[in-house]
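# Coordinates in review
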Amino acid sequence: MEGKGIVLREPSVVAKNTHSGEVIAVGSEAKEMIGRTPGSIVAIRPMKDGVIADYDTTAAMLKYFMEKTVGNSKPSVMICVPSGVTEVEKRAVIDAARVAGAREAFVIEEPFAAAIGAGLPVMDPTGSMVVDIGGGTTDVATISLGGIVSSTSIRQAGDKFNNAIINYIHSNFNLLIGERTAEDIKIQVGSASIEKAKEIETMNIRGRDLVTGLPKSIDINAEDIAKAIQDAVQDIIVAVKETLEQTSPEIAADVIDHGIVLTGGGALLKNLPEVISEATKVPVFIAQDPLDCVAIGTGEALKNIEVMRRSRK
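The name given to the protein in an unreviewed UniProt entry is Cell shape-determining protein MreB, with the source organism recorded as Lactobacillus helveticus. UniProt, in its Sequence similarities (unreviewed entry) section for the protein, records the words "Belongs to the FtsA/MreB family."

## Things to note about helix H2 (residues 55–70)
Its 16 residues give H2 an end-to-end C-alpha distance of 22 Å, which sits within 8% of 22 Å, the value for a rise of 1.5 Å per residue. Of all the residues in H2, the buried ones are Thr57, Thr58, Ala59, Met61, Leu62, Phe65 and Met66. N-capping of H2 is provided by Asp54, with a side-chain oxygen placed 3.5 Å from the backbone N of Asp56. Following H2 by one or two positions, Gly71 adopts a phi angle in the positive range, close to 70°.

## A few points about helix H4 (residues 110–117)
Among the 8 residues that make up H4, 7 are buried, leaving the element largely enclosed by the rest of the structure. For H4, the set of buried residues is Glu110, Pro111, Phe112, Ala113, Ala114, Ala115 and Gly117. Just downstream of H4 lies Gly119, where phi reads positive at about 80°.

## So, empty space enclosed by the protein
A full pass over the atoms with the stated rule returns 1 cavity of 30 Å³ or more. The computed volume of the largest cavity comes to approximately 40 Å³. By residue number, the principal contributor to the lining of the largest cavity is helix H6 (residues 179–189), which donates 3 residues. For the lining of the largest cavity, the class distribution of residues is 1 nonpolar, no polar and 5 charged. A domain-level breakdown of the lining of the largest cavity finds at least three residues from each of domain 1 (14–111 + 294–312) and domain 3 (158–226).

## Description of the nonpolar core
Ile169, Ile177, Ile185, Ile205 and Val233 are the most contacted members of the largest nonpolar core, which totals 44 residues. A per-element tally of this core places helix H9 (residues 230–245) first, with 7 residues. When residues of this core are assigned to domains, at least three map to each of domain 2 (119–156 + 229–290) and domain 3 (158–226). Setting aside its immediate chain neighbours within four residues, Val233 contacts Phe161, Ala192, Leu269, Leu272 and Val275.

## Some points on a nonpolar patch on the surface
Taken together, Leu268, Ile286 and Leu291 make up a surface patch of nonpolar side chains, about 290 Å² in accessible area. Look at Leu291 and you get exposed, because its relative accessible area is 57%.

Rules used throughout
- Residues numbered from 1 in each chain as written.
- Predicted model: local features only at pLDDT ≥ 70, side-chain atom pairs only at ≥ 80, totals over all residues.
- Heavy atoms only, no water.
- UniProt positions renumbered as here; feature names shortened; annotations may be inferred.
- Helix = DSSP H or I, 4+ residues; strand = E, 2+ residues; numbered from the N terminus.
- Expected span 1.5 Å × (residues − 1).
- Buried < 20%, exposed > 50% of the residue type's maximum accessible area, 1.4 Å probe, protein only.
- Polar contact = N/O pair within 3.5 Å; in protein donor to acceptor, adjacent residues only side chain to side chain.
- 1 Å grid on protein atoms, 1.4 Å probe; cavity = no way out; pocket = protein on both sides within 12 Å on 5 of 7 lines; lining within 4 Å.
- Points joined across faces, edges and corners; volume = space filled by probe spheres on them.
- Nonpolar A, V, L, I, M, F, W, Y, C, P; charged D, E, K, R; others polar.
- Domains from an automatic or database assignment.
- Core = buried A, V, L, I, M, F, W, Y, C linked by side-chain atoms within 4.5 Å.
- Contact = heavy atoms within 4.5 Å.
- Patch = residues over 30% accessible without salt bridge, like charges linked within 9 Å, V, L, I, M, F, W, Y side chains within 5 Å.
- Areas by Shrake-Rupley, 256 points an atom, 1.4 Å probe, with all protein chains shown as cover.
- Salt bridge = Lys/Arg side-chain N within 4 Å of Asp/Glu carboxyl O.

What follows is the structure, encoded as structure tokens:
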């Protein structure tokens, strides 16, 4: 919110009653329920790969978040979308915000918001490059003079890392683990580099043995996890290279000078800056507060709402 900064920080998860369709919990409270619900309750993520997968639930979730922060007043809302979304997907986001109680709603592209939040000189005639690794998508963009020059958006990000870890442990250790355990493994021992992973300690994990069907705990080393997520990491590197290939020589020269900035939760994956830097031969940095860059940038963009209104007309 303007003048206050970030006032609410919750995951986009909703718990619903499967019989009545009633929303039971939203946000952090609902996230605690993932993988632990009885048959009558389901915890779902209404946003999949950065776009709306379940319209009604998304609208209910936005309404809950808006009421929690602004009460019953009808605010102007700015929502961030991945750079590769279609006009139909953008329209769905704006409509969902209006249904949830917004007076007016605008969208801003994720890498642009991330660049503003990371403090890059987006309005200057100089090229900046940002790689935003969120939950559903990784957005790579070069930015100059207040606009996106070239961009690539791939559905390969935090959630895919988690799925890769679940599948790897399932096929190599005959152990079934849940989404939340996979997330913990990624945060604690996940590494983008198989070589550097050898320096990280092992981690004890628990799940269900697929042979006996009984609970079981095993020690997993970081090298295995690095192998599990290697394909996803390589896809992100390919997206970075593709974006650089589409860029003009002048902006490419600026990127060499200023480096590539990583934002989003995925930027915190151990050894990721070194791996990207090695592959592209360009310096890579993690933004200050990478988790908040997109939110801060979206909030900053809302201050220029008059420009948005004019461009819509």
